[in-house]
Amino acid sequence: MRLKPPAPSGSVCNLTRNTCCVTVNFLACQLFALAAAFWFRLYLSPSHANPLVRHAVATLLGIAFLIFCFGWYSVHLLTVVVAGYLIIVKADINNVHSYSMVTAMGYLTVCQVSRVFIFNYGILSTDFSGPLMIVTQKITTLAFQLHDGMCKKSEQLTPEQKHLAINVRPSLIEYLSYNLNFLSVLVGPCTNYKDYVDFIEGRHISQRLRHRSGTCTGQNGYDKTPDLSPLPAVCQKLLVCCGCMLFFLIVTRSLPIKYNVDPDFVNHAAFLTRLTYAFFSIQAARPKFYFAWTLADAVNNAAGFGFKGIDENGKPSWDLICNLNILGIETATSFKTFIDNWNIRTGIWLKTVCYDRAPKHRLALTFILSALWHGVYPGYYFTFITAIPITMAARAIRKSIRHYFLGSKGLKMGYDILTWAATQLAICYTVMPFLLLAVEPTLVYYRYVLSYFKHVELLRFYLDFCFSFLVYIFSIFFFPKHNSYDRFLPHFLFRSMYFHVHIISILAAIALHRKHKTRDPSATSKMLPSASPLSSLCSAQCQPVHSNNNDKVD
C-alpha cells in the first residue's frame, strides 16, 4: 500500500525545484569546503600565514558559500552578525548576553515566521534559516562567555565556564571569522570561541596535548606541536557519509514519513502494522542528519580543527566538535541518552546559555528554548513540550529501579533490552510531530496511528489511570524503605510517559475532532492538501540535508 498523491500544483513544483537547487548548491559547497580545508591546513597553516590572513580567508570563503547557496537571503545572516558585533562593542557589558540573546533569537524567529507562514507552511525546505540557526548559537555563546569573563568573579563560575570565559572583546575580523568561517557556516557545528581562536593562531593541538599531560612547563614532551594528521579521521568519517548516503537512497526514500498519516494506511492497516511502520520510518529518517553532520565534522578535521587529545589507547582523537554518536543514538536505553548523543553541539549550547544559568525549572526552560530555536512549526512544540515529562519520568524510573538490575549481567542485559524498546517507542511518539511539522497530520497520527481503541477514549483513560495507580501501590509494598518512594505517585501517576502520552492524545481528539463519529477517509485527505503532494516529491528527490532545519530532539 503506497501513497499516491495527486499531481502537484505549479507553486509546489516551483518550491520543489528551488529546494532541490539549494540542496545541490549546499552539497557542492560542502565538497568544495572539504577540498579547501585541506588547502587551508597545508598551505595556509599558522607557520605559513599570520592569524589575520587565516581569519580573512576563512571569512571570505564562508560569505562566498552563503551567497552561492542563498543569494540575497544571505543578507539576513550578515545583518544579524553585524548587529551582534555592535552589541558586544557598544552595549553595557553587564547586559551584553541578554541583548545578544534577545536580538539573535528575535531575528531568527521573525525570519522563521515569514518563511513558514508566508511561503511554505507544512513543507520542510533547505534554506537560509539553517545557517541562521547556527549563527544564533555562535552569537549567544560568545556573548555569554564574554559576560562570564568580564563581569563575573572566578568563584561565581563553574570550572567549565571559567575555562571558556573571554576576557577581551574580539576584533571585527575575529568576530566575523568565528561566525562566518567556511568550515561551519552552512551546517555548523557551533564551537567555543576560545577553541576557534586557538585553532586559527596555531595553539589548538598543543593546548590540548598540554591539557592532557596536566602541566604547562614545556618539559612534558609536548613543547613542540607534533605532526598529527587528521587524514585517518577524515577518511573514516567520509566512509560513514557514503554509507548514510547509500542508506538514504535505498531505504529512506522507500519509507516516507508522510505515509504514517496517509488516509488509506491509517484506516485499513492493523495497529501493529502502523506502529511498526512508524518505528522504521523514523529510523530511516536519521541518516540524512548523520550525513550532514558527519560531513561537517570531516570538513573541520581536514582543516586541522577538532583535535580532542590523546585517548586512553594512546591514539589521537578528532571528536572535539563531533555533533553526534551514531552508536549511542541507535542503542540508547533512555530518552536522555538519546538526546545526549543527538546534535551534541546544540545540546551543549542549550546547556551553556540556559540549563546552567536558569534559577529554576531548568529542564522545561531548556526544552522551550530548543523548540523556539528550531522554528515556529507546531510540531516542534508538540515534541519538545511532550519531552519534558517524558524526560522527568525516565530520570525518576532510572534513579529508582535501575540499581536493582545491576547485580548480574543477565539482569542488566534484560533491563537494557527492555529500556531500549521503551525508549524507541517513546521516540516514535515524541519525534513524529517534529517530522510532520503541521498540526493536522500530527493529530491524525496521534488519533489513528497510536490509538488502538479508536472510539473508546474514556476506557483508555481509565485503564491508564489504573495502570499508573497499580505501579504506585506496587512501589509502596515492595520498596517501603526506599528514600524516594513517596515521590512515586507524582512521577508515575502524572508524569509517567505512558500516562502522559495518552492524556495528550485524548485531549487532542476531544478538542479538535468530533467524538464517536467515524472519519470519512476523504475528509482526512482534505486535511493534508499541500503535505501529501510534496511528501512524495521531497522524500524522493529533495530531502534536505541541512542539519538544523529540523534536527534536534534537544
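Criteria and cut-off values
Residues numbered from 1 in each chain as written. Predicted model: local features only at pLDDT ≥ 70, side-chain atom pairs only at ≥ 80, totals over all residues. Heavy atoms only, no water. Helix = DSSP H or I, 4+ residues; strand = E, 2+ residues; numbered from the N terminus. Contact = heavy atoms within 4.5 Å. UniProt positions renumbered as here; feature names shortened; annotations may be inferred. Axes fitted to C-alpha atoms, helices over the stretch in contact; angles between N-to-C directions. Parallel < 35°, antiparallel > 145°, perpendicular 65-115°, else oblique. Left-handed = near helix turned anticlockwise from the far one by under 90°. Nonpolar A, V, L, I, M, F, W, Y, C, P; charged D, E, K, R; others polar. Buried < 20%, exposed > 50% of the residue type's maximum accessible area, 1.4 Å probe, protein only. Core = buried A, V, L, I, M, F, W, Y, C linked by side-chain atoms within 4.5 Å. pLDDT = per-residue confidence, 0-100. Salt bridge = Lys/Arg side-chain N within 4 Å of Asp/Glu carboxyl O.

### Things to note about the environment of Leu-369
Inspection of the secondary structure assignment puts Leu-369 in helix H17 (residues 362-374). As for Leu-369 and Val-353, which are separated by 16 residues in sequence, their C-alpha atoms are 9.8 Å apart. Beyond its immediate sequence surroundings of up to four residues, Leu-369 is in contact with Met-105, Trp-349, Leu-350, Val-353 and Cys-354.

### Remarks on the UniProt feature "transmembrane region" (unreviewed entry) in the protein
Mapped onto the present numbering, the UniProt feature "transmembrane region" (unreviewed entry) falls at residues 20-40, 60-88, 238-255, 417-439, 459-480 and 492-512. Regarding residues 60-88, the helix share stands at 90% and the strand share at 0%, and the terminal C-alpha atoms are separated by 22 Å. Strand forms 0% of residues 417-439 and helix 91%; the C-alpha atoms that close the span are 33 Å apart.

### Focus on the packing of helix H10 (residues 231-250) against helix H13 (residues 287-302)
Two elements in contact, H10 and H13, have axes whose closest approach is 9 Å; the angle formed by their N-to-C orientations is 160°. Taken as axis vectors, H10 and H13 run roughly antiparallel relative to one another. As H10 runs across H13, the sense of the crossing is left-handed. Within the contact between the two elements, H10 uses Ala-233, Val-234, Lys-237, Leu-238, Val-240, Cys-241, Cys-244, Met-245, Phe-247 and Phe-248 and H13 uses Pro-287, Lys-288, Tyr-290, Phe-291, Thr-294, Leu-295, Asp-297, Ala-298, Asn-301 and Ala-302. Its residues placed into classes, the contact of H10 with H13 shows 15 nonpolar, two polar and three charged.

### Examining helix H8 (residues 193-201)
Extensive coverage of H8 is indicated by the burial of seven of its nine residues. Among the residues of H8, Tyr-193, Asp-195, Tyr-196, Val-197, Asp-198, Phe-199 and Ile-200 are the ones counted as buried. Gly-202 sits one or two residues past H8 and shows a positive phi near 90°.

### Description of the packing of helix H7 (residues 172-180) against H8
Here H7 crosses H8 at 105°, and the two axes come no closer than 11 Å. Here H8 runs roughly perpendicular to H7, going by the angle between their axes. The residues of H8 that touch H7, namely those facing Glu-174, Ser-177 and Tyr-178, are Tyr-193, Tyr-196 and Glu-201. Among the residues forming the contact of H7 with H8, the class breakdown is three nonpolar, one polar and two charged.

### Comments concerning the nonpolar core
In terms of nonpolar packing, the biggest core is built from 112 residues, with Phe-40, Phe-182, Leu-186, Phe-199 and Tyr-445 touching the most fellow members. Excluding its chain neighbours within four sequence positions, the residues that come into contact with Phe-182 are Ala-33, Ala-36, Ala-37, Phe-40, Ala-58, Leu-61, Gly-62 and Phe-65. In terms of nonpolar packing, the next biggest core, distinct from the first, is built from seven residues, Ile-205, Leu-209, Ala-233 and Phe-307 among them.

### Digging into unusual backbone geometry
Both trends apply: most residues other than glycine have a negative phi, and most peptide bonds are in trans. Along the chain, Gly-188 connects to Pro-189 via a cis peptide bond; the corresponding omega equals 5°. With a phi close to 50°, Asn-343 is a non-glycine residue in the positive phi region. Take Asn-343: its relative accessible area is 1%, and that puts it in the buried class. Within the chain, Leu-437 stands out as a residue other than glycine whose phi angle is a positive 75°. Along the polypeptide, Leu-437 turns up in the loop between helix H19 (409-436) and helix H20 (439-449). Of the residues examined, Leu-437 reaches a relative accessible area of 2% and is grouped as buried.

### Notes on the confidence of the model for the protein
In this model, the protein carries a mean pLDDT of 77, and residues with pLDDT of at least 70 account for 72%. Across the protein, the element-wise mean pLDDT spans from 36 in helix H25 (residues 531-540) up to 96 in H7. Every residue in residues 213-225 is under pLDDT 50, and counting partners more than four places away or in other chains gives 12 contacts. Note on residues 475-554: pLDDT under 50 across the span, and 198 contacts to partners over four residues away in sequence or across chains.

### Some points on the pattern of salt bridges
Where charged atoms from two side chains of opposite charge approach closely, those side chains can pair. Applying the stated criterion to the full structure yields 12 salt bridges. Across the pair Lys-152 and Asp-148 runs a salt bridge whose closest N-O atoms are separated by 3.8 Å. Judged by its relative accessible area of 30%, Lys-152 falls in the partly exposed class. Across the salt bridge formed by Glu-160 and Lys-351, the nearest N and O atoms sit 3.7 Å from each other. Remark: Lys-351 occurs in helix H16 (residues 344-355) and Glu-160 occurs in helix H6 (residues 159-164); sequence separation between them is 191 residues. The network of salt bridges with common partners includes Asp-148, Lys-152 and Arg-357.

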